[in-house]
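# Inside the fold
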Amino acid sequence: MTLIFDAHADIWSDVIVRRSRGEREIFRTYHLEKFKKGGIGGGIFVMWIDPPYDQMPEKRLNEIIIAAREEIEEADDLIQIVRTFSDIENGMSLGKMPVVWGVEGLSGIGGDLGRLDALYALGVRHASLTWNEANALATGVRQDPARGLTPLGFEAVNRLEALGMLIDVSHLNEKSFWDVLSIAKRPLIASHSNAKALCDAPRNLTNDQIRAIAATGGVVGVNSYRDFVDLDRGRQTIERFVDHIDYLVHLAGKDHVGLGFDFCDYIENNLQAKEDAEAPVPRAADTLGLETAEKANKVLELLSRRGYDEEVVSMIAGGNFIRVLKAVL
């Protein structure tokens, strides 16, 4: 079976909430079986400053780090934190799931770029500069379109590349996006963004942005979140999700498309729901046929039915993101 690498999972958000209630071994108890059923064999698990804590991001980031480290110790037999590319192959040979430890938005470091080095020392190998907010480094979607990267943000991009961390441009507004592209020297990813041509949500990418990511050697991870799949509730389906894959493959090429599901079932059950300001319609049911991680392999079945051969399915499932990780790490 072709294994899936999910480039965007908010597992640490579930971990921090449940551990604060006294629970332990969250991944083993609530997520492992879903991952197995869905054929997900690895991914990027991100630390996200959830909205109730966005006024104290540095404190919240520290809390999530503590919870994540405790969880990693308890799941040592299940997951392999990826510090170098060899950890992917070594972890899989031991029957472990390779997990890239990431951070979704750097509001938690304030204006202290030294904290990037501290995150790297912990094992963090992925970062997006912002979530939806404007912070000391960059500007998120729905913020001031004239504000892009700050001078410190340009420094941050250079520092992330020097460290060997994967830079993620999902959630940046267009000016910040093009600012990053103007200086980046390594492959970039948009871990969980779709095609604006098919769904005109601010979080999705224009054709020019998609081509620009591909030109770096990077990858766009297609997002299953309903409001980024289609604006019409009746079209928020797994078939429409695969339409985004088709569109990206034809626009950017088979080497530059992956999966970044952004499953929200456990987020919305356990946290204040993500209040993405860009959500164009009131909350609806999850993307039909792709509600949770255990449905992930249905995407591969649909790709095969649409005529994609086994090699290309494997590239989209995870091979393209693994290639980028090898180039960056």
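So, here is what we can say about the structure in this document. Everything quoted here is computed from the prediction, not taken from an experiment. (Residues numbered from 1 in each chain as written. Predicted model: local features only at pLDDT ≥ 70, side-chain atom pairs only at ≥ 80, totals over all residues. Heavy atoms only, no water.)

### Brief notes about the packing of helix α1 (residues 11–20) against helix α2 (residues 26–38)
Close contact between α1 and α2 brings their axes to 10 Å; oriented N to C, the two are set at 145°. Handedness of the α1/α2 crossing: right-handed. Residue-level contacts link Ile 11, Asp 14, Val 15, Arg 18 and Arg 19 of α1 to Ile 26, Phe 27, Tyr 30, His 31 and Phe 35 of α2. When the residues that make up the contact of α1 with α2 are grouped by side-chain class, the tally is 6 nonpolar, 1 polar and 3 charged. (Axes fitted to C-alpha atoms, helices over the stretch in contact; angles between N-to-C directions. Helix = DSSP H or I, 4+ residues; strand = E, 2+ residues; numbered from the N terminus. Left-handed = near helix turned anticlockwise from the far one by under 90°. Contact = heavy atoms within 4.5 Å. Nonpolar A, V, L, I, M, F, W, Y, C, P; charged D, E, K, R; others polar.)

### Concerning the packing of helix α10 (residues 238–252) against helix α12 (residues 297–305)
One can describe the packing of α10 onto α12 by two numbers: an axis separation of 10 Å at closest approach and a directional angle of 65°. One way to sum up the angle between α10 and α12 is to call them roughly perpendicular. Crossing hand, α10 versus α12: right-handed. Facing Ile 238, Glu 239, Phe 241, Val 242 and Ile 245 of α10, the residues of α12 in contact are Lys 298, Val 299, Leu 302 and Leu 303. Here the contact of α10 with α12 is composed, by residue class, of 7 nonpolar, no polar and 2 charged. (Parallel < 35°, antiparallel > 145°, perpendicular 65-115°, else oblique.)

### Examining the packing of aromatic side chains
Overall, the coordinates contain 11 aromatic pairs when judged by the stated rule. Here the aromatic rings of Trp 12 and Phe 45 are separated by 5.7 Å at their centres, their planes lie at 75°, and the arrangement is edge-to-face. Of this pair, Trp 12 sits in helix α1 while Phe 45 sits in strand β2 (residues 40–48); the two residues are 33 residues apart in sequence, bridging distant segments of the chain. The exposure class assigned to Trp 12 is buried, which follows from its relative accessible area of 2%. Summarising the aromatic geometry, the rings of Phe 27 and Phe 45 are spaced 5.8 Å apart at their centres and angled 45° between planes, so their arrangement reads as tilted. You can see Phe 27 sitting in helix α2 and its partner Phe 45 sitting in strand β2, a full 18 residues away along the chain. Overall, the relative accessible area of 2% leaves Phe 27 in the buried class. Using a relative accessible area of 1% as the deciding quantity, one classes Phe 45 as buried. Feature note: the residues Trp 12, Phe 27, Phe 35, Phe 45 and Trp 101 constitute an aromatic cluster, connected by ring pairs. Directly above the aromatic system of Tyr 53 lies the positively charged group of Arg 60, at a separation of 3.6 Å from the ring centroid. (Phe/Tyr/Trp six-rings, centres within 6.5 Å; stacked < 30°, edge-to-face > 60°. Buried < 20%, exposed > 50% of the residue type's maximum accessible area, 1.4 Å probe, protein only. Lys NZ or Arg CZ within 6 Å of the ring centre and 35° of its normal.)

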